[in-house]
Amino acid sequence: GYARQGRAREFIPSLKEPGVEHTVIPTAGITVNGVQYIDFMSVRSWGRPGEWFTNYAATVSSTDGENWTVVPGSQRANKGPSMPGGGQYRAGNERIQMSAFVEHDGYIYRFSTPSGRDGSAIVARAPKAQFPKEDAFEFFDGAGWSATPTRAAAVIDGSVSELSVAWNPYLGKFIALYIDGNGMVLRTADSPTGPWSSKRMLVDTATIGDLYGGFILPSNNDHNLYFVATTWSNYNVMVMRTNLSELFGVPLLASGDVNPDPVADDGLEVVEVLKPEQVAAATADDGVVTEDDVVTR
């Protein structure tokens, strides 16, 4: 259950043996018919920066948010050494190791990438009534739907890292948020299968060089897009906000001003980066860093 103090317990166990199963990491979540589902990856080992190798990916479910069980048959074993509980390798499984879910028109769409930060994204769908059965998923092949992941077409090309996808009512489009090596980018589409637009830079590496994550918060319904992200330097989750009116160069809701379309650059400027001791001092009073804290301290 929940405790006021102490460490949070892990809800997806791992062996914690480097080279066998170093850790498990959630990559996507969705609630369907009152049941919560989380996709996760079992990490065998870490390679060079931006590179890691998975044993398999799978789905866990919960009806209370506390107790989680692996969905039978949801394991997608990767190439390489097998491990107990990881399922059997199927050709193409290496392309569905990290996920992003979105519900649309009676289907649950699952966008997937290989492990690491260099793969393109494919998309599969399962009827909502049959989700999360793995054999209910069919893969978009560029023209139609196929039962085999080897025929899946890349719907979001290039290096797609830690993808998040959602429907945005303000834009009237699907949005995809991810890291591409140059920063955190956003793309839009009228359909989960695309075609997806060109990239629009939200936060580039010149602004925050070690930013990653970019997971969209649910219920975004106005000109502000809210998402969470973190950095390698401190692994502390931040809530971030982007004004979509400014991003897309349309008149702002309040003032009617028109801003340029920042496709190549985020237009942000680093004012100051606080050291850990500065953050501790700035948050000593109320736990929040404000502009006044940065200026005065």
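The rules behind each value
- Residues numbered from 1 in each chain as written.
- Predicted model: local features only at pLDDT ≥ 70, side-chain atom pairs only at ≥ 80, totals over all residues.
- Heavy atoms only, no water.
- Helix = DSSP H or I, 4+ residues; strand = E, 2+ residues; numbered from the N terminus.
- Buried < 20%, exposed > 50% of the residue type's maximum accessible area, 1.4 Å probe, protein only.
- Pairing = 2+ DSSP bridges.
- Core = buried A, V, L, I, M, F, W, Y, C linked by side-chain atoms within 4.5 Å.
- Contact = heavy atoms within 4.5 Å.
- Axes fitted to C-alpha atoms, helices over the stretch in contact; angles between N-to-C directions.
- Salt bridge = Lys/Arg side-chain N within 4 Å of Asp/Glu carboxyl O.
- Polar contact = N/O pair within 3.5 Å; in protein donor to acceptor, adjacent residues only side chain to side chain.

Engineer: Just checking my understanding: could you explain unusual backbone geometry for this structure?
Structural biologist: Both trends apply: most residues other than glycine have a negative phi, and most peptide bonds are in trans. The step from Phe 131 to Pro 132 runs through a cis peptide bond, and the omega angle for that step is 10°. You can see Pro 132 is positioned in the loop between β8 (122-127) and β9 (138-140). A cis amide bond links Gly 194 to the next residue, Pro 195, at an omega of 5°. By the element assignment, Pro 195 lies in the loop between β13 (183-189) and β14 (200-204). Phi is positive for Lys 16, close to 60°, though the residue is something other than glycine. Along the polypeptide, Lys 16 turns up in the segment before β1 (23-32). Overall, the relative accessible area of 47% leaves Lys 16 in the partly exposed class.

Engineer: Can you walk me through the pairing of strand β3 (residues 52-62) in this structure?
Structural biologist: The buried count for β3 comes to 10 of 11 residues, which makes it a mostly enclosed element. The pairing of strand β2 (residues 35-46) with β3 spans 10 bridges and is classified as antiparallel. For Met 41, the partnering residue across the bridge sits in β3 and is Ala 57. Linking β2 back to β3 in an antiparallel pair, the connection comprises five residues, with Gly 50 at a positive phi of about 85°. Inspection of the sheet shows β3 paired to strand β5 (residues 76-77) by two bridges, in the antiparallel sense. Counted as the bridge partner of Ala 57 is Arg 76 from β5. Bridge count for β3 against strand β4 (residues 69-70) is two bridges, and the pairing is antiparallel. Residue pairing for β4: Ser 61 is matched across the bridge by Thr 69. Here β3 folds back onto β4, and the loop between the two strands holds six residues, one of which, Gly 65, carries a positive phi near 80°.

Engineer: Just to check I follow, could you spell out the nonpolar core for this structure?
Structural biologist: Across soluble globular proteins, nonpolar side chains show a tendency to be buried alongside one another. Membership of the largest hydrophobic core comes to 19 residues, with the highest contact counts inside it found for Phe 111, Ile 156, Leu 163, Val 165 and Trp 196. Secondary structure elements with two or more residues in this core: β6 (98-104), β7 (107-113), β11 (161-168), β12 (173-179) and β13. Among the elements that take part in this core, β12 stands out by supplying three residues, more than any other. If near-sequence neighbours (up to four positions away) are discounted, Phe 111 is found in contact with Met 98, Ser 99, Ala 100, Val 102, Ile 122, Val 123, Val 155, Leu 163, Val 165, Pro 192 and Trp 196. Leu 177, Leu 186, Phe 227 and Phe 248 belong to the second largest nonpolar core, which has 18 residues in total.

Engineer: Got a minute to help me understand the sheet that holds β11 in this structure?
Structural biologist: The strands that make up a sheet are held in pairs by hydrogen bonds between backbone atoms, and each pair lies either parallel or antiparallel. Within the open sheet, the four strands sit side by side as β11-β12-β13-β14. Their pairing is antiparallel. Across the chains shown, the open sheet's two edge strands, defined by having one partner strand only, are β11 and β14. Across the sheet, the mean angle separating the axes of adjacent strands is 20° when strand polarity is ignored. Pairing of β12 with β13 involves six bridges; the strand directions are antiparallel. From the neighbouring strand, Leu 177 faces β13, where its bridge partner is Leu 186.

Engineer: In this structure, what is going on with the pattern of salt bridges? I would like to understand it.
Structural biologist: Working definition: two side chains of opposite charge can pair if their charged atoms are close together. This structure, assessed with the given rule, holds 12 salt bridges. With its nearest N and O atoms 2.7 Å apart, the salt bridge here joins Lys 173 to Asp 190. Residue Lys 173 is found in strand β12, and its partner Asp 190 is found in the loop between β13 and β14; the two are separated by 17 residues along the sequence. Here Lys 173 falls in the partly exposed class, since its relative accessible area comes to 28%. For Asp 190, a relative accessible area of 56% puts it in the exposed group. Among the charged side chains, a network of salt bridges with common partners joins Arg 90, Arg 110 and Glu 134.

Engineer: Mind showing me how you'd approach the sheet that holds strand β17 (residues 238-243) here?
Structural biologist: One open sheet accounts for three strands, arranged β15-β16-β17; its pairing is antiparallel. Every interior strand has two partners, whereas the edge strands, β15 (211-216) and β17, have only one. Here the average twist between neighbouring strands, direction ignored, is 40°. As paired elements, β15 and strand β16 (residues 224-231) share four bridges and run antiparallel to each other. When the sheet's bridge partners are listed, Leu 211 is paired in β16 with Thr 231.

Engineer: Where do I start with the environment of Asp 105 in this structure?
Structural biologist: Tracing the chain through its elements places Asp 105 in the loop between β6 and β7. Sequence separation between Asp 105 and Lys 128 is 23 residues; the distance between their C-alpha atoms is 9.0 Å. Among the polar contacts listed, one links the side chain of Asp 105 to the side chain of His 104, at a separation of 3.1 Å.

No statement about biological role is implied by the geometric values presented.
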